[in-house]
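Chain residues, written in single-letter form:
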Amino acid sequence: MSVRRLLRPAWLLTHLLVVAAFVVMVNLGFWQLRRLDARQAHNAIVEERMSQPVGPFHEVVDLVNPEESANRPVEVPGVFDPGREVYVMNRTRDGLPGVHVVTLMEGGFGAVAVDRGFLPRPVYMGGEEHYWAPGGGEVVVTGWIRLSRTSRFGNGDEVDVVDVADLSGRWGVALLPAYVQATAGAAAGDYPLRPQVPDLTSGPHLGYAVQWFVFAVIALVGYPLVLVRITRDDQLVA
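The present account deals with the structure reproduced in this document.

Moving on to unusual backbone geometry. Of note, the bond from tyrosine 191 into proline 192 is cis; its omega dihedral lies within 30 degrees of zero at -5°. The residue proline 192 is located in the loop between strand 8 (178-184) and helix 6 (205-237) in this model. Positive phi values are uncommon outside glycine, yet asparagine 71 reaches one of about 75°. You can see asparagine 71 is positioned in the loop between helix 3 (57-60) and strand 2 (73-93). By relative accessible area, which is 13% here, asparagine 71 ends up buried. The backbone phi angle of aspartate 94 is positive, close to 55°, even though this residue is not glycine. Here aspartate 94 is to be found in the loop between strand 2 and strand 3 (96-107).

See the structure below:
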């Protein structure tokens, strides 16, 4: 009687749902492992590029395929134009909200947008621009090459990302196809704060993969045990 009960349509549907859940959980586990592999490969490329020696912008950056130059260290001499500056919103540092200050720099190499660093929100909201004004005259900025992204919204001088095409139109100058995240030479005072080294950890993917595989094992082992228990209870009742 108990075996026939487990072959009824409702139970057959339950069996199929458990099998489907098992397959989904196993695939989710392998998906997390693939994401882990991709992140580790990306981190290896970033580390290799960041370890290269500092070079002039025009020698380091591939103007045709700037993505090939991302994260490489560069040196850029030029003059900042604080009248052409934007603030990248919704940035945090050590849990503190704020903005990134992005300023136009012009030199013999051309014009480039420079992310000069992090500005805590209380300082930014104070509106005292002399606190984060760049030094006057020609300076030499060192930093990392970063790739332009496509902006989706903005409000005046506040933007969501560094979009080189958008900034070119905003500032009326043809910017080079990548921007510089400054590590030195871009601040005359305490602000903006220099960027922190990028997070190159493996992330939570391995932990997530283990969780999905544990869930799959629970389904694989636990569900048959439940069926055995039901069968025994039916036999005792009979």
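This part is about the pattern of salt bridges. The final tally for this structure, using the stated rule, is five salt bridges. Glutamate 68 is the salt-bridge partner of arginine 49, the closest N and O atoms lying 3.9 Å from each other. Residue arginine 49 is located in helix 2 (residues 9-50), and its partner glutamate 68 is located in the loop between helix 3 and strand 2; the two are separated by 19 residues in the primary sequence. Judged by relative accessible area, arginine 49 falls into the buried class, the value being 15%. Across the pair arginine 170 and aspartate 166 runs a salt bridge, and its minimum N-O distance is 3.7 Å. Note that arginine 170 and aspartate 166 are positioned in helix 5 (residues 164-171) at a spacing of four residues, about one turn of the helix. Since its relative accessible area comes to 35%, arginine 170 is described here as partly exposed. The exposure class assigned to aspartate 166 is partly exposed, which follows from its relative accessible area of 33%. Three or more residues are tied together by salt bridges with common partners; here these are Asp81, Arg84 and Glu106.

What counts and what doesn't
Residues numbered from 1 in each chain as written. Predicted model: local features only at pLDDT ≥ 70, side-chain atom pairs only at ≥ 80, totals over all residues. Heavy atoms only, no water. Helix = DSSP H or I, 4+ residues; strand = E, 2+ residues; numbered from the N terminus. Buried < 20%, exposed > 50% of the residue type's maximum accessible area, 1.4 Å probe, protein only. Salt bridge = Lys/Arg side-chain N within 4 Å of Asp/Glu carboxyl O.

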